[in-house]
Amino acid sequence: MANQDDSFIREVNEELRSDQMKNIWARFGSVIVAIAVLIVLGTVGKVGYDYWSDNASSKSGDEFLQALNLAKENKADEALAALDTLQKDGYGAYPVLARLRAATLQAEKGETDAAVKAFSDIGKDTSLPEALRDAARLRAAYLLVDAGTYDQVSAEVEQLAVPQNTMRHSAREALGLSAYKAGDIAKAKSWFQQIVDDAQSPRNVAGRAQMLLDVIAASGKA
């Protein structure tokens, strides 16, 4: 008897579940179908976007490589034109890479003012990662050591010459070189000494700083 009762209860439960499913489908069937369609469309959309993204990135990468090859072949004007197009129409990180390479190419061509402006503009572009902006500021500063004034160099990189900045060593070197060139020996010594005293200064940068301190001392300008 107990087995018959158990069998009867199972049958009743199955009927109830069947009725519940019919009621749920009658009430929410259209919603369930809509959700399923959205899931499918979302999946298709993501696959489509990934495909487009990969193609766009690959195309920009090919264009960037072509510009680099033009530069290697000493076709600077053609390379700059290709890089300019990539800056406007490139995908992902390639526009900013094109900006950096174009500025470097301008410096190599002797167009120092244009190169300094390009690097300086990148350094001020807050939409870019901070490390990249700092590197661009440093590049502008090193160009200005020869082509500008101490104040111009300072405007680019003195903000980097602080203990917590990882690029402080190079920033201090640019400032020291610019001060030395301007004849401000006390300021030059101060920057070079900061490099030497910083235990985290790269060996090559610290070595150059110490050499310049020795030159200053030997010249009697200390």
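Fair warning: this is a prediction, and the values are worked out from it, not measured in the lab.

Looking at the nonpolar core
In terms of nonpolar packing, the biggest core is built from 36 residues, with Val153, Val157, Leu175 and Phe192 touching the most fellow members. At the level of elements, α3 (94-108), α4 (112-124), α5 (130-147), α6 (150-157), α7 (168-181), α8 (185-197) and α9 (203-219) are the ones that each hand at least two residues to this core. If near-sequence neighbours (up to four positions away) are discounted, Leu175 is found in contact with Tyr150, Val153, Ser154, Val157, Glu158, Ala161 and Trp191. Leu80, Leu83, Leu86 and Leu105 belong to the second largest nonpolar core, which has 12 residues in total.

Some thoughts on the side chain of Asp134
Within the element layout of this structure, Asp134 appears in helix α5. Engagement of the side chain of Asp134 in a polar contact is seen with the side chain of Arg137, the distance being 2.5 Å. What Asp134 contacts, discounting residues up to four positions off in sequence, is Leu160, Asn165 and Met167.

Some thoughts on the packing of aromatic side chains
Evaluated as defined, the whole model comprises 1 aromatic pair. A centroid spacing of 6.0 Å and a plane angle of 55° characterise the contact between Phe64 and Tyr94, whose relative ring orientation is tilted. Placement of the pair is Phe64 in helix α1 (residues 2-72) and Tyr94 in helix α3, with a sequence separation of 30 residues. Residue Tyr94 is classed as partly exposed on the basis of its relative accessible area, which comes to 22%.

Details of the pattern of salt bridges
For the structure on display, the rule yields 12 salt bridges. Among the ionic pairs, Asp84 bridges to Lys88, the shortest N-O distance being 3.2 Å. With Asp84 and Lys88 both in helix α2 (residues 76-89) and 4 residues apart, the pair spans about one turn of that helix. Using a relative accessible area of 61% as the deciding quantity, one classes Lys88 as exposed.

Quick look at the side chain of Arg133
Tracing the backbone shows Arg133 in helix α5. It turns out Arg133 is buried and unbridged, and the closest side chain with the opposite charge, Glu130, is 5.1 Å from it. Discounting residues that sit within four places of it in the chain, Arg133 has contacts with Ile122, Gly123, Asp125, Thr126 and Leu128.

Some words on α6
Among the residues of α6, those classed as buried are Tyr150, Val153, Ser154, Glu156 and Val157. Down the axis of α6, the buried set is contained in an arc of 160°. They therefore lie on one face. Across α6 from its buried face, at more than 90 degrees, point the exposed residues Asp151 and Ala155. Each element contacted by the buried residues of α6 is listed here: α4, α5, α7 and α8.

So, unusual backbone geometry
The phi dihedral of Asn74 falls on the positive side, at around 65°, and the residue is not glycine. On the secondary structure map, Asn74 appears in the loop between α1 and α2. Overall, the relative accessible area of 70% leaves Asn74 in the exposed class.

Some details on α4
With 13 residues, α4 extends 18 Å from end C-alpha to end C-alpha; this agrees with the ideal 18 Å at 1.5 Å per step. Among the residues of α4, those classed as buried are Ala115, Val116, Phe119, Ser120, Ile122 and Gly123. Viewed end-on, α4 has its buried residues packed into an arc of 160°, placing them on one side of the element. Of the exposed residues in α4, the ones pointing more than 90 degrees away from its buried face are Asp113, Lys117 and Lys124. On its buried face, α4 is in contact with α3, α5 and α6.

Rules and cut-offs
Residues numbered from 1 in each chain as written. Predicted model: local features only at pLDDT ≥ 70, side-chain atom pairs only at ≥ 80, totals over all residues. Heavy atoms only, no water. Core = buried A, V, L, I, M, F, W, Y, C linked by side-chain atoms within 4.5 Å. Buried < 20%, exposed > 50% of the residue type's maximum accessible area, 1.4 Å probe, protein only. Helix = DSSP H or I, 4+ residues; strand = E, 2+ residues; numbered from the N terminus. Contact = heavy atoms within 4.5 Å. Polar contact = N/O pair within 3.5 Å; in protein donor to acceptor, adjacent residues only side chain to side chain. Phe/Tyr/Trp six-rings, centres within 6.5 Å; stacked < 30°, edge-to-face > 60°. Salt bridge = Lys/Arg side-chain N within 4 Å of Asp/Glu carboxyl O. Lys, Arg positive; Asp, Glu negative; His and termini not counted. Arc of directions from axis to C-beta. Expected span 1.5 Å × (residues − 1).

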